[in-house]
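Summary of the model geometry
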Amino acid sequence: MAEQTKEYRATLKPEGVRGKSIRKDELREVPHVTSRPNAKYAWAAGVAMSRFLDELKEGRIVGRKCRKCARVLVPPRMFCERCYRQTDEWVELPGTAVIETFAVSYLDTDANRIKEPILVGVVDLDGAPPHCGFMHYFDEMSPDEIHIGMPVEAVWKPKEERDGAITDIRYFRPRRK
Ligand SMILES: [Zn+2]
């Protein structure tokens, strides 16, 4: 067994591979290697997701309702995987939610260390069943204030800046309504 492990380790350092091993202390200082390939790609979002993105552009969060199980699926799907049937109608959600889970992140989206943390997590949307929300940013609250179950509301970009993406919502802030 020990021999196998040694053999396996040897395969991780093949001869003739260029580059430099990272020391443990360097790993702490430079936590990552980033590469940004200029890859451009396109795909069809599908009927439900296309409508969802178009509605975001209008400042609305929509889901699909299945009348049989009475669930509103968000992000929407044209098929209810629980009832094994097509969903029935479009439903607009109020844009309010509670925080289901969150993280206070000292790494930005490129894994660079940052001084001011980003608040990010999952929202449990009002009008949708539990655990049926999506991931987003939180703001207008401090890392000390944020907590699971906190009532929040969507803050939208100005209409002219929206482009049919989940980032048309800037972030969720503590609910004022
Ligand atoms: Zn259903």
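A brief look at the structure comes next. For every chain, the first residue of the written sequence is number 1, and numbering continues from 1 onward in sequence order. Whole-chain, interface and lining totals are the exception, using all residues; otherwise, since this is a predicted model, local features are given only for residues with pLDDT of at least 70 and side-chain atom pairs are given and counted only at 80 or more.

Some remarks on unusual backbone geometry
The omega torsion across Val74 and Pro75 is -10°, close enough to zero to call that bond cis. Unlike most non-glycine residues, Tyr84 shows phi in positive territory, near 60°. Relative to the helices and strands, Tyr84 is located in the loop between β3 (79–80) and β4 (85–86). Partly exposed residues are those falling between the two cut-offs: more than 12 but fewer than 20 other C-beta atoms within 10 Å of their own, whereas 20 or more means buried and 12 or fewer means exposed, with C-beta atoms placed from the backbone. Residue classification places Tyr84 among the exposed positions, given that 8 C-beta atoms sit within 10 Å. At Ala111, a residue that is not glycine, the phi angle is positive and equals roughly 70°. Numbered from the N terminus, helices here are DSSP runs of H or I no shorter than four residues, and strands are runs of E no shorter than two.

Structural notes on the sheet that holds strand β2 (residues 71–73)
Two strands form a pair only when DSSP identifies at least two bridges running between them. Within the open sheet, the three strands sit side by side as β2-β1-β5. Their pairing is antiparallel. Edge positions in the sheet fall to β2 and β5 (89–93), since each has one partner strand and no second. Adjacent strand axes in the sheet meet at a mean angle of 45°, parallel and antiparallel pairs treated alike. Only the stretch in contact is used when a helix axis is fitted, and all axes are lines through C-alpha atoms; the angle between N-to-C directions ranges over 0 to 180 degrees.

Some details on the environment of Ile99
Assignment of secondary structure puts Ile99 in strand β6 (residues 96–107). In this structure, the C-alpha to C-alpha distance between Ile99 and Val120, residues 21 residues apart in sequence, is 9.8 Å. By definition, residue pairs are in contact when their C-beta atoms, positioned from the backbone, come within 7 Å. Excluding anything up to four places from it in sequence, Ile99 contacts Gly121, Val123, Phe138, Ile146, His147, Ile148, Gly149, Met150 and Val152.

So, the environment of Cys66
If you trace the backbone, Cys66 turns up in strand β1 (residues 61–66). With 21 C-beta atoms counted inside 10 Å, the residue Cys66 sits in the buried group. Each C-alpha atom, one on Cys66 and one on Arg77, is 9.7 Å from the other, the two residues being eleven residues apart in sequence. The contacts of Cys66, once residues within four sequence positions are left out, are Arg71, Leu73, Cys80, Cys83, Thr87 and Asp88.

Purely geometric stuff here, so don't read any function into it on its own.
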